[in-house]
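Chain by chain, the residues run as shown.
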Amino acid sequence: MSTIFSILRALQVNSSPSVLARLFTAGTFVFLLYKAGSWIVRNYSSPLRSLPGPPNPHFFWGHAKSIYQADQSALQQQWVEKYGPTISYNGLFSTRVLWTMDTRALNHILTNTYTYQRPRQTRYHMAQLIGQGVLVAEEDQHSNQRRALNPAFSSAAVREMTEIFIEKSQMLRDRWLDEIAKSDKGDAHVDVLSWLGKASLDMIGQAGFDYNFNAIYAKEGECEVNDAFNTVSISMHTPRLRAIFQAFFPFLRIFKTAGERNLELAQANMRRLGLQLISEKKASVIAASKESNVGKKELLGRDVLTLLVKANMSSDVPESRRLSDEEVLAQFPTLVVAGHDTTATATTWALFSLTQHPEIQRKLREELLTVPTENPTMAELHALPYLGMFVKEVLRYHSIVPQSTRVATKDDIIPCSTPYTDRHGVQRNHIHIQKGDMVMIPIHALDRYKPYWGEDAGEFKPERWENLPDAVKAVPGVYGNLLSFLGGPRACIGYRFSLAELKAVLFTLVREFEFELDVAADRVKKRTAVVQRAIVVGDESEKKSQGRMPIIVRQHVRA
């Protein structure tokens, strides 16, 4: 502040508070004018304007409002049918957005991660929720974090964790059996989304940090991490225009709402537990290192955090490639929130699909009951063909994360495998894009795209995986010709973890129970923020954005 006054005195400007206030107001106005001018120039000079697409319905909202109100990707799919596979439309503030179903173009975008990054507002919002972990970091920081985490998510590491996934699944099974035992009708009416969230949290706790959250058996309010997660989850799934403005105008972050204060408290609780666990892991490694040099080949642990801390402290890792304590800490909420929410949601939609297709439920149960043990290994789970097809179809049909946004950090030319005709009638086999242009990765739309998947793309059919169309094989996903876990250097690092967890839960529950939807199917809808959570139209889950999936559970009587 003294520097400001010195400058003002040097310029012979009256430094009274009223003058300073007027200068601040004028400076703010000039800043906003500059930002608005820059946006107008960039937006109206964007080469995406030459792409085919729908007219802009509103200067401020663009198509953002109508897209949010429609079913996921429904409008974009209509536009693709009308204008072709490569289009542009207007997002918030009329910003141009690229939407393409071209697999070559998508592969280019997903593999050039320094050129196509998450937008500033997305990174800010995610950082507010889960910190600066591997999901938020970009460029060298992301590469460094991912390099440190890779050993913890290898096939060998996940193989060791499968026992934990089965154990926690059996605990959930036993809780549901207890609920059935209380009923005179031999069934239980359960919110499977809530229960699967608790089970997933316990799996993340044990496999991720060697820590027992005990969410499955805890009563309401007894599991601090579960309560903290619920606070973060509600914030994730509540649309907030305010967060977008905060990303661009930092001074708005000074004024906190009640929800933001609750979020900060939840993050503080997760941070405190994270620091405690990291301290314990580091102390263990230091104690072991006094006995022998800790080389990378000796770094064998069971949980993700132990493997991360050991790898980060390994003597054969250069100092420049080690993560700071803050970076290690940032992985804690990332794993808890991201790993928990996606898997619990995927399993919820899997059980919903079984209620809608009794024949598929019967066929899957028959296969699972052929396994002679209640405690299969990861190899035994992956060796079950119908379970594998069913899981892939759940990921395809329900697209847990429906889309992902990128922004171009520099001008670029994107190659296309299928030519398109621009607004001027010229056929193109590439897309010109300029710095600042937005790109949408159409995960859900691509997973239902009829030119790739066939005319039955809108149907739930696990059997389709026995003989996939050739066009699907060009989808640049890291798993199963799907974009569920994305692809390229930023593909989901925990996809093996998630698949093993999902299969373990389904193996245990489908062998033991029969499932029936507890409400009319047309009342179950998807609400999208980060993931597509289930809500029931007309009840509290719709109002509070918490999600709910009510299912009647009965014990299966084996012949």
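Preceding this section is the structure that the text describes.
This section reports on the structure supplied with the text. (Residues numbered from 1 in each chain as written. Predicted model: local features only at pLDDT ≥ 70, side-chain atom pairs only at ≥ 80, totals over all residues. Heavy atoms only, no water.)

### Considering the sheet that holds strand β12 (residues 550-555)
Put simply, the test is: A strand pair is defined by DSSP finding two or more bridges across the two strands. The numbering of helices and of strands both runs from the N terminus, where a helix is a DSSP run of H or I of at least 4 residues and a strand a run of E of at least 2. Lines fitted to the C-alpha atoms define the axes, with helices restricted to the stretch that makes contact. Angles between their N-to-C directions range from 0 to 180 degrees.
The strand order across the open sheet built from three strands is β4-β12-β9, with neighbouring strands paired in antiparallel fashion. Of all strands in the sheet, those bounded by a partner on one side alone are β4 (187-191) and β9 (513-517). Averaged over all neighbouring strand pairs, the angle between strand axes comes to 30 degrees, with direction disregarded. Of the pairings in the sheet, the one linking β4 to β12 comprises five bridges and is antiparallel in character.

### Some thoughts on the nonpolar core
How we decide: Definition of nonpolar core: a set of buried residues of the types Ala, Val, Leu, Ile, Met, Phe, Trp, Tyr and Cys, connected through side-chain atoms within 4.5 Å. Only protein chains enter the accessibility calculation, which uses a 1.4 Å probe; a residue whose area is less than 20% of its type maximum is buried, one above 50% is exposed, and one in between is partly exposed. Residues are treated as being in contact if the distance between any of their heavy atoms lies within 4.5 Å.
Counting residues in each nonpolar core, the largest one holds 144 residues, and the members touching the most others are Trp176, Phe515 and Met549. At 13 residues, helix α14 (residues 325-356) tops the list of elements feeding residues into this core. In this structure, Trp176 is in contact with Val190, Val192, Trp195, Leu351, Leu509, Phe513, Phe515 and Val553, ignoring residues within four places of it in sequence.

### Side note on the packing of helix α15 (residues 358-368) against helix α20 (residues 495-512)
Condition: Roughly parallel covers angles under 35 degrees, roughly antiparallel covers those over 145, roughly perpendicular covers 65 to 115, and oblique covers all other angles. Here the term charged refers only to Asp, Glu, Lys and Arg, the term nonpolar to Ala, Val, Leu, Ile, Met, Phe, Trp, Tyr, Cys and Pro, and the term polar to all other amino acids, Gly among them.
For the pair α15 and α20, the least separation of the axes is 9 Å and the interaxial angle reads 105 degrees. Classified by the interaxial angle, the pair formed by α15 and α20 is roughly perpendicular. Seen from α15, the contacting residues are Gln361, Leu364, Arg365 and Leu368; seen from α20, they are Leu506, Phe507, Val510 and Arg511. Taken together, the residues that form the contact of α15 with α20 break down as five nonpolar, one polar and two charged.

### Description of helix α7 (residues 139-149)
When we look at burial in α7, the residues that qualify are His142, Asn144, Gln145, Arg146, Ala148 and Leu149. Packing partners of the buried residues in α7 comprise α13 (304-313) and α14.

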